[in-house]
Amino acid sequence: MTLRPSATWRDALLAVAAAGAACLALLGTDLHAIDPALRDPGLFAVAVTAGAGLSGFWWHTHPARWFAATTVAAVAVAAAGHYVGLLPWLVTAALCAVAARHPRRRSLAALATAVAGYTAITVAGIPDNAGDAFLSTVALLLAAWALGDGVRLRRARVAADLHAARSDAAAARQEAARATTEERLRIAGSCTTWSRTACR
C-alpha cells in the first residue's frame, strides 16, 4: 500500500507520541504503589516499550506487524518483572486494527495469541497480572476484537452495496445503449423502405 507523504508523517508522529506516552507511563509511575514486586525500569524495559510504541507506524499499512511487535513487547516486559504500563493498550489497539483489516480467521488467531500470552504470564505469577487485572485485560481484548470485526463487516457491506449499485448502473447504461441502437436501426430501416417506395 502506497501512502501519501502527509499520511506517512502522520503515522510517524503518532508512533513517536505513542512511544513517548508509553515510556512516560513506565518511568513516571510509582511502581511500589501498584505492586511492590515490580522491578524498577531499566534500559531493557525502556527500549522495548519505546520500540512497541514506534511500531505504531504500521497501524495503517501493516496492522499485523504492529500487533506482533506490541504483543511480544508486552510479554517480554512483563516476563522480566517490569511494569507494562500502556503496552496492554497498544496491544488492544493493534488487535482492533487487525480485526478491522484482516479476515476473521486471522483476527481470531491474533486474539487467541494475545489471550494465551497474557494467560501464560499470569499463570507464571508475574507481578501486576492477576485477579481483576487479568479479567479486565481479557475483557478489553475481546471488546477490541469485536469492535474491529464490526468495522470490517460494515466496510464489507458498504463495498458490496457500492459494487451492486455500480453493476446496476452499468446494466442500465448497456440497456439504454442497446435501445438506442435498435431505435437507430429501426429508423434507418424505415428510411430505406420509404426511399424505395418513393423511387417506384
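One structure accompanies this document, and this report is about it. The structure displayed is predicted, hence computed values, not measured ones.

### Some thoughts on the overall build of the chain
Then, in step 1: When you go through the chain residue by residue, the secondary structure sums to seven helices and zero strands.
Then, in step 2: Put simply, the chain has 200 residues, and 35% of those count as buried.
Then, in step 3: The contacts of the chain with a sequence gap of at least 6 include a subset with a gap of at least 24, amounting to 71%.

### A few points about helix α6 (residues 104-123)
Then, in step 1: In this model α6 runs 28 Å from its N-terminal to its C-terminal C-alpha over 20 residues, within 8% of the 28 Å that 1.5 Å per residue would give.
Then, in step 2: Turning to α6, its buried residues are S107, A110, L111, A114, G117, Y118, I121 and T122. On an axial view of α6, the arc spanned by its buried residues comes to 135 degrees, and they lie on one face. Residues R105 and V123 are exposed on α6 and point more than 90 degrees away from its buried face.
Then, in step 3: Downstream of α6 by one or two residues, G125 has phi in the positive range, about 80 degrees.

### Section: helix α5 (residues 87-101)
Then, in step 1: Taking 1.5 Å per residue as the helical rise, α5 with its 15 residues ought to reach 21 Å, and the 21 Å between its terminal C-alpha atoms agrees with that figure.
Then, in step 2: Where burial is concerned, most of α5 is hidden: twelve out of the 15 residues are buried.
Then, in step 3: Along α5, the positions that sit buried rather than exposed are L87, P88, L90, V91, T92, A94, L95, C96, A97, V98, A99 and A100.

### A few points about the pattern of salt bridges
Then, in step 1: Applying the stated rule across the entire model yields three salt bridges.
Then, in step 2: Residues R104 and D149 are paired through a salt bridge, measuring 2.6 Å at the closest nitrogen-oxygen approach. Here R104, found in helix α6, pairs with D149, found in helix α7 (residues 132-199); they are 45 residues apart in sequence, far enough to count as distant.
Then, in step 3: The class of D149 is buried, set by a relative accessible area of 5%.
Then, in step 4: Two residues, D149 and R152, come together in a salt bridge whose shortest N-O distance is 2.8 Å.

### Describing the nonpolar core
Inside soluble globular proteins, nonpolar side chains tend to come together where they are buried.
Then, in step 1: The biggest cluster of nonpolar side chains holds 28 residues, and the ones touching the most others in it are F67, L87, V91, L95 and L141.
Then, in step 2: Secondary-structure elements contributing two or more residues to this core are α3 (43-54), α4 (63-79), α5, α6 and α7.
Then, in step 3: It is α5 that contributes the most residues to this core, eight residues altogether.
Then, in step 4: Excluding its chain neighbours within four sequence positions, the residues that come into contact with L87 are T49, A52, A73, A74 and V77.
Then, in step 5: Formed by five residues, the second largest nonpolar core is a distinct cluster that contains L26, L31, L38 and A45.

What counts, and at which threshold
All residue numbers refer to position in the chain's written sequence, counted from 1. Given that the model is predicted, a residue must reach a pLDDT of at least 70 before its local features are reported, and side-chain atom pairs must reach 80 or more before they are shown or counted; all residues, however, enter totals for whole chains, interfaces and linings. For side-chain calculations, the full set of non-hydrogen atoms in the structure is used, while hydrogens and water are omitted. By definition, any uninterrupted DSSP run of H or I lasting at least four residues is a helix, any uninterrupted run of E lasting at least two residues is a strand, and each is numbered from the N terminus. Burial classes follow relative accessibility: with a 1.4 Å probe on protein chains only, a residue under 20% of its type's maximum area counts as buried, one over 50% as exposed, and anything between as partly exposed. By definition in these notes, contact holds between two residues if any of their heavy atoms fall within 4.5 Å. For a helix, the expected span equals 1.5 Å multiplied by the number of residues minus one. The directions from the helix axis to the C-beta atoms are what the arc is built from. What counts as a salt bridge is simple: a side-chain nitrogen of Lys or Arg found within 4 Å of a carboxyl oxygen of Asp or Glu. Nonpolar core, defined: a set of buried Ala, Val, Leu, Ile, Met, Phe, Trp, Tyr and Cys residues in which side-chain atoms within 4.5 Å join the residues together.

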